[in-house]
Each structure stands twice: as C-alpha cells, then as structure tokens.
Amino acid sequence: MYKLLIFDWDGTVIDSTTRIASCLRSAARDLELPIPTWEAAKDIIGLGLPEAIAKLFPGEGDHIIDPVRERYGHYYLGADPTPAVLFPGVQQTLESLKGKGYRLAVATGKSRKGLDHVFAETGIGSLFELSRCADETASKPDPLMLHELLEQSGVSASQALMIGDTEYDLEMGRKASMDTLAVSYGAHHIDRLKVLKPVGEIHHFPDLEHWLEQRNGIN
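Looking at the overall build of the protein
And then number 1: Helices and strands together make up the secondary structure of the protein, namely 10 helices and eight strands.
And then number 2: Against the compact-globule benchmark of 17 Å for 219 residues, the protein has a radius of gyration of 17 Å, which places it among compact chains.
And then number 3: The 219 residues of the protein split such that 54% are buried.
And then number 4: Of the contacts made within the protein by residues no fewer than 6 positions apart, 65% connect residues no fewer than 24 positions apart.
And then number 5: For the protein, the distance from the average site of its 22 positive side-chain charges to the average site of its 32 negative ones is 2 Å.

Here it is as structure tokens:
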C-alpha cells in the first residue's frame, strides 16, 4: 500500500501546458530568438527551465538562460492572459486522499518562486506536506528530487508512487525504483508514457482515488 503520493504539477494537477508554451514563445519573440512551435514548447514541460531553454534553443549558449528566464517569468506571473486552472476534481480528490491518510507531495520542474505562486493562486498548497523544485535540486529525469522527498518523509521507494504526465516524470520515478502512474490528459501522449511501463494510467484526475482503491484491494 502506498503511503506517499508524489505529484508532478504542470499537466498533472493544473491545466497549464498551453500557458507555459505561450509564455515560452513570447519570451523567444521578445529576445528575437527562433520561436519554438507549440509542440516543441509543450514537449519540454517538466524539465527545469535551464534544461528546457537548452533543449528549445540548441547552440545559443548559456548566456540566454537568464534573459529567457526573466521574460518567461514576466509573462507567466501575470502578463500572459492564457488561463491555467486546476483540472476538474483536483481539490476534492486531494482532500479526500489526505483524509484517508495518504501523504501528499509535489515534484516539479517549476522554480520555488513559481510553485509558491501557484500554491497561493490555487489555494491548495496546504494539502501538500512536501515539495521539491528544479531550482533546489537536479532537474527531471534525474531522480534526486525523489530521493530527497523520500529522505524527508522517511518513506521507502516501494511505499511511494510518482504520478505524472510526461516521460521525464516516469523516467525519474523509474530511476528512483519507484512505481509510476501515467496521466493521459497532459503534455505527452499516453503512448509515449506506456513505453516507460507505469503500473497504471488514469484519464481524469478523480480516477486516481478509485485506482488506488483497486490497487490496494489487489495488494
């Protein structure tokens, strides 16, 4: 039985993939960099911002990281009107899981400033006991942030579940010897996630509670 549920944020808990892609494209436009396609901008969701910038703008060099970060933050923290809202049923499901004794955590490619902002914006930050951000540790798919969450919580890898919508989430979980659960409604197509052999998949966030009940019944 799982004790610790670790969630990716963007594309798993909150419907923010279009907003992220829009902000990255606007940042590139402002800096006169090649504007990435929508597909390319969505594909890097889950990575830390320096790693995402390097992948989106190969050959440009490290000197663009800070300017892109600044322009991206400018748009994401208010200048871009693209909505980013919790997926349906997220708050109710998390509250129910917490009430049943599950411990909840976040492992995200966002910065700490960015995560604190969306915690406050959505009002659900208090539901999560622990969180790790890419600017505090290694970016996904390196498993370091999961190792740190396990150490902080005192939970073993076999008692934790990594839940995410991208290859980076699932690969990170696999490298940490942790079960993973794929969500099909986020940034990466479910067929890409199945290659990484998650223990299951869900198609709507509230499905998680039923999936866990079934999984515990099997165990």
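Brief notes about helix H6 (residues 112–122)
And then number 1: Among the residues making up H6, those that are buried are Gly114, Leu115, Val118, Phe119 and Thr122. End-on view of H6: buried residues confined to an arc of 135°, all on one side of the axis. Turned more than 90 degrees from where H6 packs its buried face, Lys113 and Ala120 sit exposed.
And then number 2: On the buried face of H6, the contacting elements are strand E2 (14–15), helix H4 (65–79), strand E3 (85–86), strand E4 (103–108) and strand E5 (130–133).
And then number 3: In the segment just after H6, Gly123 is the residue with positive phi, at about 80°.

So, helix H3 (residues 49–56)
And then number 1: Among the residues of H3, Leu49, Ala52, Ile53 and Leu56 are the ones counted as buried. One face of H3 carries all of its buried residues, which in axial projection span an arc of 100°.
And then number 2: Looking at the packing, one finds that the buried side of H3 touches helix H1 (17–30), helix H2 (38–43) and H4.

Thoughts on the packing of aromatic side chains
And then number 1: Per the stated rule, a full pass over the model turns up eight aromatic pairs.
And then number 2: Ring plane angle 70° and centroid distance 6.2 Å describe the contact between Trp9 and Phe128, whose orientation is recorded as edge-to-face. Placement of the pair is Trp9 in the loop between strand E1 (4–7) and E2 and Phe128 in the loop between H6 and E5, with a sequence separation of 119 residues.
And then number 3: Feature note: the residues Phe7, Trp9, Phe119, Phe128 and Phe205 constitute an aromatic cluster, connected by ring pairs.
And then number 4: If you follow Arg19 out to its NZ or CZ, it ends over the ring of Tyr76, 4.5 Å from the centre.

Observations regarding the side chain of Arg25
And then number 1: Mapped onto the elements, Arg25 comes out in helix H1.
And then number 2: No salt bridge forms around the buried Arg25; measuring N to O, its nearest opposite-charge neighbour Glu39 is 7.1 Å away.
And then number 3: Of note is the side chain of Arg25, whose polar atom sits 2.7 Å from the backbone oxygen of Pro36.
And then number 4: Here Arg25 is in contact with Ile35, Pro36, Thr37 and Trp38, once residues within four sequence places are set aside.

Quick notes on the rules
- Residues numbered from 1 in each chain as written.
- Predicted model: local features only at pLDDT ≥ 70, side-chain atom pairs only at ≥ 80, totals over all residues.
- Heavy atoms only, no water.
- Helix = DSSP H or I, 4+ residues; strand = E, 2+ residues; numbered from the N terminus.
- Rg over C-alpha atoms; globule rule 2.2 N^0.38 Å.
- Buried < 20%, exposed > 50% of the residue type's maximum accessible area, 1.4 Å probe, protein only.
- Contact = heavy atoms within 4.5 Å.
- Lys, Arg positive; Asp, Glu negative; His and termini not counted.
- Charge placed at Lys NZ, Arg CZ, Asp CG, Glu CD.
- Arc of directions from axis to C-beta.
- Phe/Tyr/Trp six-rings, centres within 6.5 Å; stacked < 30°, edge-to-face > 60°.
- Lys NZ or Arg CZ within 6 Å of the ring centre and 35° of its normal.
- Salt bridge = Lys/Arg side-chain N within 4 Å of Asp/Glu carboxyl O.
- Polar contact = N/O pair within 3.5 Å; in protein donor to acceptor, adjacent residues only side chain to side chain.

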